[in-house]
Amino acid sequence: MQEKKVFYITTPIYYPSDNLHIGHAYTTVAADCIARFKRMQGYEVYYLTGTDEHGQKIEKTAREKGMDASDYVDGIVKGIRELWETMLISNNDFIRTTEPRHKEVVQKVFQRLFEQGDIFLSQYEGWYCTPCETFFTQRQLIDGKCPDCAREVELLKEESYFFNMAKYAPRLLEHIAQNPDFIQPESRRNEIINFIKSGLDDLCVSRTTFNWGIKVPFNEKHVVYVWVDALLNYLSAIGYLADEEKFNHYWPANVHLMAKDIVRFHAIIWPILLMALDLPLPQKVCAHGWIMLEGGKMSKSKGNVVDPGILVGRYGVDAVRYYLVKELTFGQDGYYSEEMLVSRINSDLANDLGNLLSRTVAMITRYFEGAIPAPGVLESVDNDLMKTAQLVYRDASEKLEKLDFAGYIISSLKLVSRANKYIDETEPWLLAKDENKKERLATVMYNLAESIRIAIILLSPAMPTILERANRQIGVFGDISRVTWDEAGQWGLCPAGSKVKKEAALFPRIDLKTLETTENVQQDKKEAVKPELKASEGPDEKYISIDDFARMDLRIAEVIACEKMEKADKLLILRLKVGAEERTVVSGIAKHYSPQELIGKKLVLLANLKPTKLRGVMSQGMILAASGGEELEVLMLDKDIPSGSQVR
Ligand code: ME8
């Protein structure tokens, strides 16, 4: 039977509570890379992204801005759509959970699950923090108070609908066991299995404490829990209960891509909902790591975000996409820095790829009047280059299939490096001096053009404008809209006689010293858009706002090791445990404390201070101490508060 060549891939639908940052851009670009790769393989791709617009948080944010929730999200969503256009995201659809096509599906599903007994009415009991409008469980409270704002909480009961999750747990475990690829990577899979095995509580699937949501059709006091609402977007977008043909054509999804923060929703709640609806489960739920900034995960609520639109304006869409796709090692977290971005552009793109192209174009222009010559007899060095091209093609394809995005880029670059080395090995400038070596020179030029052709095809899902830009210089691609992935797997497709033409560098080198950093730019931008706010706050400079204070990430840290720094009589090197993490901090307290006095003590750490090297040791934060005259005392805790706890 012929394989059904349809491929349905999704990103999470993002909260339009604020503008998106490069974390969101990472997922969307990575999914776009797969969508483009699959299209080049001849699949009919449906690439879905969108926005998750309901819920208490968005209602509250809009209210704080003095806006209607729907006007507020309209503005943010417009910006998100523009961002995806700027980043050349090739999504086939953009779903908003406020659209009628989605709301209808949510209501019908809720009704069905209620009628078949999976959903039932009961009491939700929890600790409620009125200022935060949030329920917490007993375990979440800190000293019996709200874990977010430390204020009093009250025990409240709320009538809610619940979904009986435990009923489906054995089936889900069996599905995971029988489909080892269902949850990727494996570390997440194990985490999910353990979570399910520890027992699934009934899931509260409705709320009565706010209105900004989809009403439960048979009880208008309730709105549907925002995660049930949101997950159903994957069905409503492709016509579930509305266009049966379209729905059956695309469902089940091949890949749901996201970061690890929301994998539980996708690997537990989502498949259980689908089982209850008698629908097949998606093929793969894949969770990548987080893009971090010094000081922690980049997130809207922390405010430590980098705007991808600004980066694209500065470095170009291909370069920013390239950086993102290469950034995260499969399943792991990675740190963003603008220096790293620039260094990748300069070394991988300007030096390795850009130079390979410009040197080849220059040599073909000089030695063969700008027309790619036909190759002659192959030598062993040529065979080695050809073999690398074939291996790289297979490896890059495999890595993309497995959603190992960084692995795919690293693999593709191997061909670029091999081709650069081939120039050094074959020394075309020497061949050009000897008329008898003209045929050999022709072979070398042809092989270089061929390597470039293959490398550019392989990199094109990550960098969508590269085919067109390279084609202007080395016209071997013909009609670029018809280039297929397969063509990268075949050596010798480059038509001899194709013209080359020197143009501006594919990726100009960037001098970081001449640039402002993005953080500066964003700061300027923030001030530019908020002039009224600044004016109304007045020039009261002796105070800082609670937001200023909240930017400091103060944490309890336990000293697990400590030593004197050699040849520095004031400095101690402390090894700290901060929750699950370990840090090294260099502190100028050696005159006041011996290392032994500090081991086992709990201190206060400013955790999001920019890391800096002190006498060659990277110090990741600062411990707090009081000083008066000659005296100095490090702040320590008496009670047994766990390390990692916040200080406020
Ligand atoms: O969770 N690094 O929306 P959201 C990498 N509406 N990826 C990141 C990231 C970071 N620092 N920050 C965000 C929601 N992301 C729900 C989803 S789906 C039915 C509902 C990406 O706006 C990553 O894909 O908080 C993460 O899973 C997602 O944005 C969370 O987006």
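Residues numbered from 1 in each chain as written. Predicted model: local features only at pLDDT ≥ 70, side-chain atom pairs only at ≥ 80, totals over all residues. Heavy atoms only, no water.

Peer 1: Please clarify how the site of the ligand should be interpreted in this entry.
Peer 2: Residues in contact with the ligand amount to 26 residues; listed here are only the nearest, Ile-13, Thr-27, Asp-52, Asp-261 and Ile-291. Interatomic distance of 2.7 Å between a side-chain N/O atom of Thr-27 and an oxygen atom of the ligand. Residue Ala-259 places a main-chain N or O atom 3.0 Å away from an oxygen atom belonging to the ligand. Protein chains shield 96% of the accessible area of the ligand, which is 670 Å² for the free molecule. Split into classes, the residues belonging to the shell around the ligand amount to 14 nonpolar, eight polar and four charged. (Near = heavy atom within 4 Å. Polar contact = N/O pair within 3.5 Å; in protein donor to acceptor, adjacent residues only side chain to side chain. Areas by Shrake-Rupley, 256 points an atom, 1.4 Å probe, with all protein chains shown as cover. Nonpolar A, V, L, I, M, F, W, Y, C, P; charged D, E, K, R; others polar.)

Peer 1: Got a minute to help me understand the nonpolar core in this structure?
Peer 2: Looking at soluble globular proteins, one finds that nonpolar side chains tend to be buried together. In this structure, Trp-84, Met-87, Leu-324 and Leu-353 are the most contacted members of the largest nonpolar core, which totals 114 residues. Per-element accounting of this core gives the leading share, 14 residues, to helix α17 (residues 438-459). Apart from the residues lying within four places of it in its own chain, the contact partners of Leu-353 are Asp-348, Val-416, Ile-456, Leu-459, Met-463, Ile-466, Leu-506 and Phe-507. With 63 residues, the next largest nonpolar core counts Val-228, Tyr-234, Trp-251 and Ile-272 among its residues. (Core = buried A, V, L, I, M, F, W, Y, C linked by side-chain atoms within 4.5 Å. Buried < 20%, exposed > 50% of the residue type's maximum accessible area, 1.4 Å probe, protein only. Helix = DSSP H or I, 4+ residues; strand = E, 2+ residues; numbered from the N terminus. Contact = heavy atoms within 4.5 Å.)

Peer 1: Whenever I open this one, the sheet that holds strand β18 (residues 572-578) confuses me. Can you help?
Peer 2: Hydrogen bonds along the backbone pair up the strands of a sheet, which may run parallel or antiparallel. Pairing is antiparallel in the open sheet, where five strands are placed in the order β19-β18-β17-β20-β23. One side of each edge strand has no neighbouring strand; the edge strands of this open sheet are β19 (581-587) and β23 (622-623). As paired strands, β18 and β19 are joined by seven bridges and run antiparallel to one another. Considered in β19, the bridge of Leu-576 is made with Arg-583. (Pairing = 2+ DSSP bridges.)

Peer 1: What is the right way to read the confidence of the model for the protein chain from this model?
Peer 2: Close reading of the predicted structure is inappropriate where its pLDDT is low. For the protein chain, per-residue confidence averages 90 on the pLDDT scale, and 92% of positions sit at 70 or higher. In this model residues 516-541 is a low-confidence stretch, pLDDT under 50, and it forms 23 contacts with partners more than four residues away in sequence or in other chains. (pLDDT = per-residue confidence, 0-100.)

Peer 1: What is the right way to look at helix α12 (residues 317-327) in this model?
Peer 2: Every α-helix winds through 3.6 residues per turn, so residues three or four apart in the chain are directed the same way. The buried fraction of α12 is high, at eleven of eleven residues. Regarding α12, the residues found buried are Val-317, Asp-318, Ala-319, Val-320, Arg-321, Tyr-322, Tyr-323, Leu-324, Val-325, Lys-326 and Glu-327.

Peer 1: What exactly am I supposed to notice about the side chain of Ser-397 here?
Peer 2: Note on placement: Ser-397 falls in helix α14 (residues 380-401). For Ser-397, a relative accessible area of 11% gives the class buried. One polar contact links the side chain of Ser-397 to the main-chain carbonyl oxygen of Tyr-393, over a distance of 2.6 Å. If we skip the residues at most four places from it in the chain, Ser-397 touches Phe-37 and Trp-485.

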